[in-house]
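# Notes for the structure review
Single-letter residue listing:
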Amino acid sequence: MTTTTDERALTDLQREHGPALFHFLLGLTFGDRQRAEDLVQETLVRAWQHPEAFDGPYESMRPWLFTVGRRLAIDARRSRLARPAEVNDAVLDSAPAREDTAEATVAALDVRKAVRTLSPEHRAVLVQIYFRGLSVGETAEVLGIPAGTVKSRSYYALRLLSRNLPGYSSRSSSVSSGNRAAASATAT
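### Some words on the environment of valine 125
The topology assignment puts valine 125 in helix H6 (residues 120-131). Separated by 17 residues in the primary sequence, valine 125 and valine 142 have C-alpha atoms spaced 9.8 Å apart.

### What to know about the packing of H6 against helix H8 (residues 147-164)
Following both chains from N to C, one finds H6 and H8 inclined at 100 degrees, their axes separated by 9 Å at the closest point. Taken together, the axis directions place H6 and H8 in an arrangement best described as roughly perpendicular. On the side of H6, the interface is formed by Glu121, His122, Val125, Leu126, Ile129 and Tyr130, while H8 contributes Val150, Arg153, Ser154, Tyr156, Ala157, Leu158 and Leu161.

### A closer look at the layout of surface pockets
Of the pockets and cavities examined, the second largest pocket occupies roughly 180 Å³. Together, Arg35, Asp38, Leu39, Glu42, Leu72, Asp75, Ala76 and Arg80 line the second largest pocket. For the lining of the second largest pocket, the elements supplying multiple residues, two or more each, are helix H2 (33-49) and helix H3 (62-82). Of the residues assigned to the lining of the second largest pocket, the class counts are three nonpolar, no polar and five charged.

### Considering H2
Along its 17 residues, H2 runs 24 Å from first to last C-alpha, staying within 8% of the 24 Å computed at 1.5 Å per residue. Among the residues of H2, those classed as buried are Ala36, Leu39, Val40, Thr43, Leu44 and Ala47. The buried residues of H2 occupy one face: seen down the axis, they fall within an arc of 135 degrees. Those residues of H2 that are exposed and angled more than 90 degrees off the buried face are Gln34 and Gln41.

### Section: unusual backbone geometry
Note on backbone geometry: most residues besides glycine have negative phi, and most peptide bonds are trans. In this structure, phenylalanine 30 is a non-glycine residue whose phi angle is positive, near 55 degrees. As for its placement among the helices and strands, phenylalanine 30 is situated in the loop between helix H1 (7-28) and H2.

### Description of the pattern of salt bridges
Under the criterion given, the structure shown has three salt bridges. A salt bridge links aspartate 12 to arginine 15, with the nearest nitrogen and oxygen atoms 3.2 Å apart. With a gap of three residues between them, aspartate 12 and arginine 15 both fall in helix H1, about one helical turn apart. Taking relative accessible area as the criterion, aspartate 12 reaches 36% and is therefore assigned partly exposed. Among the residues examined, arginine 15 registers a relative accessible area of 56% and is labelled exposed. The salt bridge involving arginine 35 is made with aspartate 32; its shortest N-O contact spans 3.1 Å. Look at arginine 35 and you get partly exposed, because its relative accessible area is 32%.

### Thoughts on the nonpolar core
With 18 residues, the main nonpolar core has Leu13, Leu25, Val40, Ala47, Met61, Trp64 and Leu65 as its most contacted residues. At the level of secondary structure, the elements contributing two or more residues to this core comprise H1, H2 and H3. For this core, the element with the highest residue contribution is H1, accounting for six residues. Beyond its immediate sequence surroundings of up to four residues, methionine 61 is in contact with Leu13, His17, Ala53 and Phe54. In terms of nonpolar packing, the next biggest core, distinct from the first, is built from nine residues, Ala114, Val115, Leu118 and Leu126 among them.

Basis of the calculations
- Residues numbered from 1 in each chain as written.
- Predicted model: local features only at pLDDT ≥ 70, side-chain atom pairs only at ≥ 80, totals over all residues.
- Heavy atoms only, no water.
- Helix = DSSP H or I, 4+ residues; strand = E, 2+ residues; numbered from the N terminus.
- Axes fitted to C-alpha atoms, helices over the stretch in contact; angles between N-to-C directions.
- Parallel < 35°, antiparallel > 145°, perpendicular 65-115°, else oblique.
- Contact = heavy atoms within 4.5 Å.
- 1 Å grid on protein atoms, 1.4 Å probe; cavity = no way out; pocket = protein on both sides within 12 Å on 5 of 7 lines; lining within 4 Å.
- Points joined across faces, edges and corners; volume = space filled by probe spheres on them.
- Nonpolar A, V, L, I, M, F, W, Y, C, P; charged D, E, K, R; others polar.
- Expected span 1.5 Å × (residues − 1).
- Buried < 20%, exposed > 50% of the residue type's maximum accessible area, 1.4 Å probe, protein only.
- Arc of directions from axis to C-beta.
- Salt bridge = Lys/Arg side-chain N within 4 Å of Asp/Glu carboxyl O.
- Core = buried A, V, L, I, M, F, W, Y, C linked by side-chain atoms within 4.5 Å.

Pasting the structure below:
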């Protein structure tokens, strides 16, 4: 008995049923031409490996080919779903880079510590202006103090913060950094 199908019979099989098998598998692969072509090839390899299928009681090999192709498509889909999706370099390059939050977290902790050293009056002004986003006039109204006092307290509070923040006072942008950090630190 022959262990593989005759090449001529396989060529005839591919010529007669290949296009219909391809279109059938194209539907099962949701239009993925390469997957459908691979499945056609694998189906024909199975026909080559099983010459007994040619001796079946049916007139055409098409039902056998379609059944084998459908089972291969199902197995391939299950296999793909069972493992994580592959990520290529293009996907990684287009993904947004996450900011390193460690430095911001350390700065926020330093600001919280420095804000605790401020008087309640200075702290209240900073909370209103930098955390709640109120204007000087609105802060004056909320706190019940003159606008000039709000300006004075915020100026001196920021100066104290810049002195009390380790490693920040020598920077030229220490006051603006202190403002942002003060807003996040006083929020909690």
